[in-house]
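Below, each chain spelled out in residue letters.
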Amino acid sequence: MALYENKAGTNDEIFNYLDQAFDKQKTSFSNPQALLVYFEMYFEKYKSDKS
């Protein structure tokens, strides 16, 4: 989230970090802002057929 909030990383880089965190720590991945950013990026990838 630090990369996203400070606009320091690319969207692909941020998505990969969030995806890894969600895959490895599903029970503790509970930050509402991180969930929203992850969902939005996941949906954008889905719409653009990059999935």
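Since this is a predicted model, take the numbers as computed values, not measurements.

Chemist: Could you give an account of the packing of helix 2 (residues 11–24) against helix 3 (residues 32–47), naming the residues involved and the relevant values?
Modeler: Contact pair helix 2 / helix 3: the axes reach a minimum separation of 10 Å and the direction vectors enclose 115°. Note that helix 2 runs across helix 3; the crossing there is left-handed. The residues of helix 3 that touch helix 2, namely those facing Asn11, Asp12, Ile14, Phe15, Leu18, Asp19 and Phe22, are Ala34, Val37, Tyr38, Met41, Tyr42 and Lys45. Tallied by class, the residues present in the contact of helix 2 with helix 3 amount to nine nonpolar, one polar and three charged.

Chemist: Now, about the pattern of salt bridges: what can you tell me, with residues and values included?
Modeler: By the definition in use, this model includes two salt bridges. In this structure, Lys45 and Asp12 form a salt bridge, with 3.3 Å as the shortest nitrogen-oxygen distance. Separated by 33 residues along the polypeptide, Lys45 in helix 3 and Asp12 in helix 2 bring together distant segments of the chain. For Lys45, a relative accessible area of 18% translates into the label buried. Across the pair Glu44 and Lys47 runs a salt bridge, and its minimum N-O distance is 3.3 Å. In this pair, Glu44 and Lys47 both sit in helix 3, three residues apart, roughly one turn of the helix.

Chemist: If you had to explain the nonpolar core to someone new, which residues and values would you point to?
Modeler: Counting eight residues, the largest nonpolar core consists of Ile14, Phe15, Leu18, Phe29, Ala34, Val37, Tyr38 and Met41. Those elements giving two or more residues to this core turn out to be helix 2 and helix 3. Broken down by element, this core gets its largest block of residues, four residues, from helix 3.

Chemist: Go over the packing of aromatic side chains, please, and point to the residues and values.
Modeler: Two numbers describe a pair of aromatic rings. These are the distance of the centres and the angle of the planes. Tallied over the full model, the rule gives eight aromatic pairs. Centre to centre, the rings of Phe29 and Tyr38 are 6.2 Å apart; their planes meet at 70°, and the pair counts as edge-to-face. Exposure class is identical for Phe29 and Tyr38. Each is buried. Aromatic side chains Tyr38 and Tyr42 sit 6.1 Å apart centroid to centroid with 50° between the ring planes, which places their arrangement in the tilted category.

Reading the values: rules and limits
Residues numbered from 1 in each chain as written. Predicted model: local features only at pLDDT ≥ 70, side-chain atom pairs only at ≥ 80, totals over all residues. Heavy atoms only, no water. Axes fitted to C-alpha atoms, helices over the stretch in contact; angles between N-to-C directions. Helix = DSSP H or I, 4+ residues; strand = E, 2+ residues; numbered from the N terminus. Left-handed = near helix turned anticlockwise from the far one by under 90°. Contact = heavy atoms within 4.5 Å. Nonpolar A, V, L, I, M, F, W, Y, C, P; charged D, E, K, R; others polar. Salt bridge = Lys/Arg side-chain N within 4 Å of Asp/Glu carboxyl O. Buried < 20%, exposed > 50% of the residue type's maximum accessible area, 1.4 Å probe, protein only. Core = buried A, V, L, I, M, F, W, Y, C linked by side-chain atoms within 4.5 Å. Phe/Tyr/Trp six-rings, centres within 6.5 Å; stacked < 30°, edge-to-face > 60°.

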